[in-house]
Amino acid sequence: MNDHPADTSIRAFIVTVPREAADVASDRLWQLGVRAVEERDLAGGVVELRTSVGRDDDAVARAAAILDPNWSWRTEDVSTAAAQTWRDFAVPNWVADDLVIVPAWLDLDVPPGVTAVMIEPGGAFGLGDHPTSQLTAGALRRELARRHPVRPGPVSVLDVGCGTGVLAVVAALSGAAPVRAVDIAGDAVEATAANAALNGVADQIVVDDTPVGEIEGEFAIVVANILAPVLVAVAADLRRLTAIDGRLIISGILAAAHGHVIEALHPMVVVDVVERDGWVAVTLGH
């Protein structure tokens, strides 16, 4: 079925700065872990930067706190109804012969032995169709399979910037436990919790909006499918959160331009790289 959801909206976070400060302001927003920044030139030598940090007031307050006092900001509810026609063209995305990510409104007969991950994006970002999502999901499954014969039993996983929860759900369905998923956007937290329930793994996944710098402990596998500027900004925390014998899987980076991200994660070393359509997922260890 292709029923569209009711008219909903996202809460846009909009920052207005002098044109010469646009790059600095945009970088501040990227460091929050946002998934896109739209830049609009306005009259009078100013630039409007539009993004989303989620609907809840706490997320908006955190975003506002990192801005310079002389920059103005506001929020605005933007209808998503006009953009919902994309659902008519959504298709299942096969990550591997035994793993498929399925838009929740589609009916798909899945052969025996195939894991189907049902995803409803809601107001968040990510249907598992981007190359980085598929590369990361594949790398995560391979790492879980590699570890199992060596260390039987559940493997802890942290998903940083979980979006709609694709990777967290893949981890849980593949036997990982506990699974922690974090995202600064309230819409992403809601979508991940909903998709965990949709796939029957709500009891295996803890999801919230805790900033990565405030997470404690270590995880056997850490995955971070986020953009390069954010990976660089949180590199020290990604190293800290990855167990000494664990693996860090990063993506959201270009095959031709990710050396600076690897440098930021030093002294971790690259143990595997997979590429698709100009994007890469890199697995690192201590």
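Everything below is about the structure printed above this text.
Residues numbered from 1 in each chain as written. Predicted model: local features only at pLDDT ≥ 70, side-chain atom pairs only at ≥ 80, totals over all residues. Heavy atoms only, no water.

Q: Explain the side chain of N199 to me, using residue names and the numbers behind them.
A: Within the element layout of this structure, N199 appears in the loop between α5 (186-198) and β10 (205-208). Accessibility expressed as a relative area gives 13% for N199, which makes it buried. Within the structure, N199 has its side chain in polar contact with the backbone oxygen of M118 (distance 2.7 Å). For N199, the contacting residues outside a window of four places in its chain are A116, V117, M118, V169 and L173. (Helix = DSSP H or I, 4+ residues; strand = E, 2+ residues; numbered from the N terminus. Buried < 20%, exposed > 50% of the residue type's maximum accessible area, 1.4 Å probe, protein only. Polar contact = N/O pair within 3.5 Å; in protein donor to acceptor, adjacent residues only side chain to side chain. Contact = heavy atoms within 4.5 Å.)

Q: Lay out the pattern of salt bridges with the relevant residues and their values.
A: Inspection of every chain in the model, using the stated rule, returns 14 salt bridges. Notably, a salt bridge pairs R62 with D209, separated by 3.4 Å at the nearest N-O pair. Placement of the pair is R62 in helix α2 (residues 57-65) and D209 in the loop between β10 and β11 (219-225), with a sequence separation of 147 residues. Here D209 falls in the partly exposed class, since its relative accessible area comes to 26%. Bridged by salt links that share partners, the residues E48, R50, R74 and E76 form one connected network. (Salt bridge = Lys/Arg side-chain N within 4 Å of Asp/Glu carboxyl O.)

Q: Summarise the nonpolar core; cite the residues concerned and give the values.
A: With 46 residues, the main nonpolar core has F13, L238 and I250 as its most contacted residues. If you look at the next biggest cluster of nonpolar residues, it comprises 38 residues, including A168, A172, A176 and I221. (Core = buried A, V, L, I, M, F, W, Y, C linked by side-chain atoms within 4.5 Å.)

Q: Describe the sheet that holds strand β7 (residues 115-119), listing the residues and the values that go with them.
A: The three strands are arranged β5-β6-β7 in an open sheet whose pairing can be described as mixed. If you trace the sheet from one side to the other, it starts and ends with β5 (93-96) and β7, each paired once. Put simply, the sheet's adjacent strands are angled 25 degrees from each other on average, direction ignored. In this sheet, strand β6 (residues 99-103) lies alongside β5 in antiparallel orientation, the contact comprising three bridges. If you follow N93 over to β6, its bridge partner there is I101. Against the sheet, helix α4 (residues 166-173) makes contact with β6 and β7, and its axis sits at roughly 150 degrees relative to β7, the strand it touches most. (Pairing = 2+ DSSP bridges. Axes fitted to C-alpha atoms, helices over the stretch in contact; angles between N-to-C directions.)

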